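Coordinate inspection notes
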Amino acid sequence: MSIKLRELIRSIRACKTAAEERAVIARECALIRTAFKEEDNQFRHRNVAKLLFIHMMGYPTHFGQMECLKLIASSKFPEKRVGYLGLTQLLDEHTEVLMLVTNSVKNDMAHDNQYINGLALCALGNIANAEMCRALAREVERMMSSTNPYIKKKAALCAMRIVRKVEEIEDKFNGRIASFLEDRNHGVLIAGCSLLTTLLEVNRDYVPDFRRHIPSLVRVLRNMVTSGYANAAEYDIAGITDPFLQAKILRLLRLLGTGSVDASDEMNDILAQVATNTEGTKNTGNAILYECVLTIMSIEAESGLRVLGINILGRFLQSRDNNIRYVALATLQRVVNVDMKAVQRHRTTIIDCLKDTDVSIRKRALEVAYALINEENIKNMSKELLNYLLVAETDFKEDLCSRICLAVERYAPNRRWQIDTLIKVMSLGGNFVKDDQREKFCRVVASTPELHSYTVIKLYFNMKESLVQEALVNVGVWCIGEFGDHLVSGRAIGPDNQPIRVSPAEVVDILQDVAKKPPNPEKAHATQCLVASALVKLVTRCPSEVDRIRKTLRRFESSLNTDLQQRSCEFLELLEREWDGSRAGILDRMPVPEGDIGGGDSRAIGDSSIDEVHKSSGPAPINGGGGGGGGGGNDLLDLTDLLDGPSTTPSAAPAPTQMAAPVGGGGGGDLLDLLGGGGGAPAAAAPAVSAGASDLGLLGDIFGGSPAPAAAPAGAVEAPPMIAFEKAGLRVTFHPKKEADGSSTILAKFRNDLDAPMTNFVFEVAVPKFVRLTVHPATGQVLPPHIDAVTQTLSCLNSTNGEKGLLMKLRIGYVVNGQPVQEMGQVAGFPPGY
């Protein structure tokens, strides 16, 4: 004789290993099989109950299926109840023996006991297949007319199964639905709403016929919202009356109102009441608001009602519950095309979600942010996404780079801005830019002759600063090979009317650096192949460097990579004398496909002049710069103003030492982003510059340093110190001082409150474009513990004479305990007049 269910559970829980558990279950299953074979009717229901528990634990129990059928045929309610429970758990609609129970179910549906009727209806509604549905549809229809709410609601739920399973009789219950929607019983009403919802989802052709029921549904919903619902206390959950029925009615109204202005007008008022009267402090109310928003955005609602719905989602975004925020983002993604302007109002909150610690929220926020991009906001949205690219996790950067590139390709206002922004992406996340995006960039450049000179010079100076971003290096090498003649011609003129000069030797030097240390060692051969192609093309563009080019190609000739070896051999052969007559034609620029000429569309070219090169007071040119003043490639080097459009040539500066953000450039008073704005060069690089002045760019000052600022004149006024940044043991204190000439000097003191030193310390600053900024080198790159020995001086000139307050964005990087840290912050609240 087998043990009781309680004893079985106790013995299984007492098992200390999986092997012991399997042994107990195997022994009990053997006893149950024996009892089944002996036709032990007395304990059949107990054995089936134990099989249900064993089934829940994942063990096979198919040998008990027939016993369930025998229990269903029993006249005793306890046995019948266990039999139906076993039927719904141990069998499914594909089980062959299921047809054997059809007659028993039919008999139980005709039984005088309502609870037996309920058991039969539950089983039919859960596991009935198409054959059972056809055989028992008439009995279900009859039971839908019952006056017993218990039977009526279960019959409606069973009808839902039949509607889904049997297409030809889906309209069999249409005439019964009206009585359900008029019923005052909660269970019957919610069952009727579920049945009608299922019917309309299966066949949308029935929607016009059932729109006549909208007034009754609206009346029921209004009664619940205004607390006039019968038995409200019985169905109250967290202060919300009957939330399950409200959700069902809202979902049904969504189906009835879609595509119909008249039907939508009937429900506009009640939807507004639900949206404004439902408390959203708990999940119960949030669930109702969520269904209400979906309904508002699905029907032909008024514009004000749509704005109300999207504002509710905006409140969801500010919740501390990650689940609610995720639901809000997922819903915004669905409705962004319904009312773009209303969603745009919450753009800042959506962008903030990109910084969330939950990766699922970050991914969903990126989807919504991408959907928000259009021609009007492409510049601002690109700036926000690029700011996020600075701090995004490695696993997230590839998708982010792809999204930015696709948006820029689709909505760029002109080719100049498109090229600038793509270079910016490659400078920040070039190791994550896909090959097809690199190819598209090269095609855009090749098809825009007006920007050949600008692009190759910009890429060259970006590469001189850093060779760690693979995409930037690859497209830069290609452009240098194709358009190297523009780079060395000296025809490019900066805003100071001085030519930007790069010697052929420097061009070959940078290609050799790329070949020696490719950005991605795993793809070194592919990068070297690009270098070899660029070098051979430079033979006609830089004739003075032919010997160096030949020497570099000979090193490639012995490479173990067959592709690189073959290319080098062929290129060396091309340098022989017999090819002198045809070499120029062979090494000419690659032809542009006809479809790509002019950029492939009617998009404007944009300003092709190189107007970002600011004056430098250095008397001698650096890096091949010609005499006269050596134009410094500020925007060619940094990534400051790419998203704000081309900047105008700055007006005469009060002192030539101030290499600052241009005044009057596009973007007005917008604060420069930290992707290249306002950062001082790392202190380690400062000794190379005589005075240590640093440009606003990420890539530093290449063309020449600036003399140190003059000593502070008499009459300077010092302001009280202010804490600019304090986080994770680092404190930055500003000591502002107003000079007699109207400029401002800010002494930044850095204090490390940790027990470990902070190394590789870099402090960068961005300011609005009406401010000229000079960032002097820090006194050190290591912050010792518990001391503020390191300082850095900032010199500012506000061109608005204090009408606009001084703002700063900070980017701080350092290494502590071997872990790199990067922080960002914003500083306001400077004294008036700064």
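In this report, we go over the structure that sits alongside the text. (Residues numbered from 1 in each chain as written. Predicted model: local features only at pLDDT ≥ 70, side-chain atom pairs only at ≥ 80, totals over all residues. Heavy atoms only, no water.)

This part covers the sheet that holds strand β11 (residues 819-827). The strand order across the open sheet built from 3 strands is β7-β10-β11, with neighbouring strands paired in antiparallel fashion. Across the chains shown, the open sheet's two edge strands, defined by having one partner strand only, are β7 (758-766) and β11. With strand direction ignored, the average angle separating the axes of adjacent strands in the sheet is 15 degrees. With 9 bridges joining them, strand β10 (residues 808-816) and β11 adopt antiparallel strand pairing. Each residue of the ladder has a partner; that of V816, found in β11, is Q819. (Pairing = 2+ DSSP bridges. Helix = DSSP H or I, 4+ residues; strand = E, 2+ residues; numbered from the N terminus. Axes fitted to C-alpha atoms, helices over the stretch in contact; angles between N-to-C directions.)

Another point: the pairing of strand β4 (residues 722-727). Of the strand pairs in this sheet, β4 and strand β5 (residues 730-738) are connected by 5 bridges, and their pairing is antiparallel. When the sheet's bridge partners are listed, I723 is paired in β5 with T733. Counted along the chain from β4 to the antiparallel partner β5, the turn is 2 residues long, and its residue A728 has a positive phi close to 55 degrees.

The next point concerns the packing of helix α21 (residues 359-372) against helix α22 (residues 378-391). Put simply, α21 and α22 touch, their axes get as near as 10 Å, and they point 155 degrees apart. Viewed along their axes, α21 and α22 adopt a mutual orientation that is roughly antiparallel. Pair α21 / α22 crosses with left-handed handedness. Across the interface between the two elements, R362, L366, A369 and L372 from α21 touch M381, L385 and Y388 from α22. Of the residues assigned to the contact of α21 with α22, the class counts are 6 nonpolar, no polar and 1 charged. (Parallel < 35°, antiparallel > 145°, perpendicular 65-115°, else oblique. Left-handed = near helix turned anticlockwise from the far one by under 90°. Contact = heavy atoms within 4.5 Å. Nonpolar A, V, L, I, M, F, W, Y, C, P; charged D, E, K, R; others polar.)

Counting 199 residues, the largest nonpolar core has L87 and I480 as its most contacted members. With 10 residues, helix α27 (residues 470-489) is the single largest residue contributor to this core. The residues contacting I480, other than those within four sequence positions of it, are V456, Y460, M463, L487, V507, I510, L511 and L538. The next biggest cluster of nonpolar side chains, apart from the first, holds 34 residues, and it includes M722, F725, A778 and L783. (Core = buried A, V, L, I, M, F, W, Y, C linked by side-chain atoms within 4.5 Å. Buried < 20%, exposed > 50% of the residue type's maximum accessible area, 1.4 Å probe, protein only.)

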